[in-house]
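Observations on the model geometry
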Amino acid sequence: MSDNVRITTTTDQVVLKVGAFVSTSSGSFVFGETPSGAVNGSNATFTTAQNFVAESVQVFINGISQTNGVDYTTSGSTTITLNVSPVSGDYIRVNYKIG
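Residues numbered from 1 in each chain as written. Predicted model: local features only at pLDDT ≥ 70, side-chain atom pairs only at ≥ 80, totals over all residues. Heavy atoms only, no water.

**What about the sheet that holds strand β9 (residues 79-82)?**
Sheet architecture is open: three strands sit in the order β5-β9-β8, paired in antiparallel fashion. The sheet terminates laterally at β5 (45-47) and β8 (72-75), the two strands that pair on one side only. Put simply, the sheet's adjacent strands are angled 25° from each other on average, direction ignored. Pairing geometry for β5 and β9, over three bridges, is antiparallel. Of the residues in β9, the one forming a bridge with T45 is T81. (Pairing = 2+ DSSP bridges. Helix = DSSP H or I, 4+ residues; strand = E, 2+ residues; numbered from the N terminus. Axes fitted to C-alpha atoms, helices over the stretch in contact; angles between N-to-C directions.)

**Some details on the nonpolar core**
Counting residues in each nonpolar core, the largest one holds twelve residues, listed as V30, F46, F52, V57, V59, I61, Y72, I80, L82, I92, V94 and Y96. Of all the elements in the fold, those that place two or more residues in this core are β6 (58-61), β9 and β10 (92-97). With three residues, the top contributor of residues to this core is β10. Contacts of I80, omitting those with residues within four sequence positions, involve A44, T45, F46, T48, F52, V57, V59, Y72, T73, T74 and V94. (Core = buried A, V, L, I, M, F, W, Y, C linked by side-chain atoms within 4.5 Å. Buried < 20%, exposed > 50% of the residue type's maximum accessible area, 1.4 Å probe, protein only. Contact = heavy atoms within 4.5 Å.)

**Remarks on the packing of aromatic side chains**
Counted according to the given criterion, the structure contains two aromatic pairs. Judged by centre distance (6.0 Å) and plane angle (15°), the rings of F29 and F31 are stacked. On the accessibility criterion, F29 (23% relative accessible area) is partly exposed. For F31, a relative accessible area of 36% translates into the label partly exposed. Judged by centre distance (6.0 Å) and plane angle (65°), the rings of F52 and Y96 are edge-to-face. Taken together, the positions of F52 in the loop between β5 and β6 and Y96 in strand β10 put the pair 44 residues apart, joining distant regions of the chain. Residue Y96 is classed as buried on the basis of its relative accessible area of 1%. (Phe/Tyr/Trp six-rings, centres within 6.5 Å; stacked < 30°, edge-to-face > 60°.)

Bear in mind that shape data such as this cannot, by itself, settle questions of function.
What follows is the structure, given as structure tokens:
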């Protein structure tokens, strides 16, 4: 199963649609960032390059969308903690609105 992803932009708004999820917002966004942190089977804490708006964070592990509050949590404005540490070879990508 694959989700359809559609991003529509205007001069002052971005609309992101991933499957049935739709987010509409003004502002600046980051898509596909690899957060800093060791991917080694024991580390579960990762840091984004810029401050984020917590409710906008989307996390993908090996291309699979993770669920906030189930698979990961956010704290502060740059920290993402996964509930299961990814192993070497896994790849993590995040999308978020800059806060």
